[in-house]
Amino acid sequence: MIRTLLARAGLVATAACAATLLTAAPAAAHGADAPDGTDYRTRTTGVAPARPGLEVRVVEAGARLELTNRTGRAIEVIGYSGEPYLRVGPDGVFENSHSPATYLNRTIAGDTALPAEADPAAPPSWRKIADGTTVRWHDQRALWQESAPPAAVRAAPDREHRVRDWTVPLRDGADPVVIGGTLDWVPPPDAYTWWAVTIVGLLAVGALGLVAAGSPAGGRALSALGALLVAGGAVAVVYPVGRELDAGAQGVGEVVVGLLSGQIWSLLTGVGAIAAGWYALARRPAADFAVALAGACLALFAGATNAAVFARSIVPVPWPAEYARIMIALVLITGAGATTVGVLRLHAASRTPTPAQT
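Residues numbered from 1 in each chain as written. Predicted model: local features only at pLDDT ≥ 70, side-chain atom pairs only at ≥ 80, totals over all residues. Heavy atoms only, no water.

A. The arrangement of the overall build of the protein in detail. The helix and strand tally for the protein stands at nine helices and 10 strands. Partitioning the contacts of the protein with sequence separation of at least 6, the portion at a separation of at least 24 is 68%. When the accessible area of the protein is evaluated, it comes to approximately 17,100 Å², of which 63% is carbon and sulfur surface. (Helix = DSSP H or I, 4+ residues; strand = E, 2+ residues; numbered from the N terminus. Contact = heavy atoms within 4.5 Å. Areas by Shrake-Rupley, 256 points an atom, 1.4 Å probe, with all protein chains shown as cover.)

This is the structure:
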């Protein structure tokens, strides 16, 4: 029985790894839309002259700008060659198919090939892309797109630097309006320290698997691990919710849609870890197998996929970066530790002779 469970766990773990590898390419291709972190901080300083009802903010860790227009009038975002690029108003959101920015801004790298119709000198050809009065877009003027950091950063990478002030022009009817902002380099944290703390933590949790499973202490160890899995699973659910909020999701509906479309693995593994934690707290049969499997998925899909926060100063959640690193460290410690405990307990059980064998 134990060998069968171990074999099934191995198959599931292999399938999980394969799923991660298979989905890595699409995730990387669209990672510009939801970056795992960056060392460049983009901020807005406001709209000038001020327009009541016109709001602009930075979302997705600085990867996009978000404009909400409640003025009751159409507002145009101007492209890189001075052409109309976006139009936001009471009738919805439109993009100009003749604007090169329409295509360049589809990725954060701005490397989309321009079609023949992209001609900034041509009259606007408006195409509706959304209802509502909010639009989000990548804007090269608010980003650092070079592979190497600025010279000042290379000279003193341990200090914060103002890279540049930026502006994005708008048009309110015939009146020019400007979004202003700043772009700063923020030194990244020491990733080695965070990984060292995480490794020490998961080893400490994994040591619970050395306690004899059939002893009273072993039962208490399983209960402690169950409580830790419930906490780690809850964090794994909260973190992707934060990513959706940072990406501009407003209201429960938008958050749920974002989770189901882009954060489904983290969400499911978080829920699974909570269920496995309650299973362990109840000391149900096959609890060791449940915590091992749930821990592996938690560490892989909710921990490792977000571990970039250990090495990035700006993280894609609406709370301090230190909190995000603590959350991901907790998920990794819980997941890898639970896997270790479950495997050790299953291995010990497989070597314990049954009454028939004795």
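B. Spatial organisation of the layout of surface pockets. Volume-wise, the second largest pocket comes out at about 340 Å³. Surrounding the second largest pocket, 16 residues form its lining, Thr38, Tyr40, Ile108, Leu143 and Trp144 being those nearest its centre. By residue class, the composition of the lining of the second largest pocket is nine nonpolar, six polar and one charged. (1 Å grid on protein atoms, 1.4 Å probe; cavity = no way out; pocket = protein on both sides within 12 Å on 5 of 7 lines; lining within 4 Å. Points joined across faces, edges and corners; volume = space filled by probe spheres on them. Nonpolar A, V, L, I, M, F, W, Y, C, P; charged D, E, K, R; others polar.)

C. Molecular detail of the sheet that holds strand β9 (residues 161-172). Spatially, β1-β10-β9-β4-β5-β6-β7 is the arrangement adopted by the seven strands of the open sheet, whose pairing is antiparallel. Two strands bound the open sheet, and with one partner strand each, they are β1 (40-48) and β7 (126-130). In this sheet, adjacent strand axes meet at a mean angle of 25 degrees when their direction is disregarded. Across four bridges, the pairing between strand β6 (residues 92-96) and β7 is antiparallel. Bridging across to β7, glutamate 95 finds its partner in arginine 127. (Pairing = 2+ DSSP bridges. Axes fitted to C-alpha atoms, helices over the stretch in contact; angles between N-to-C directions.)

D. Structural view of the sheet that holds strand β8 (residues 134-137). Reading across the sheet, the three strands line up as β2-β3-β8 and stay open at both edges, with antiparallel pairing between neighbours. Lying at the two open borders of the sheet, with one neighbouring strand each, are β2 (54-59) and β8. Pairs of neighbouring strands in the sheet enclose a mean axial angle of 20 degrees, with direction left out of account. Pairing between strand β3 (residues 64-69) and β8: four bridges, direction antiparallel. The residue of β8 that forms the bridge with leucine 65 is tryptophan 137.

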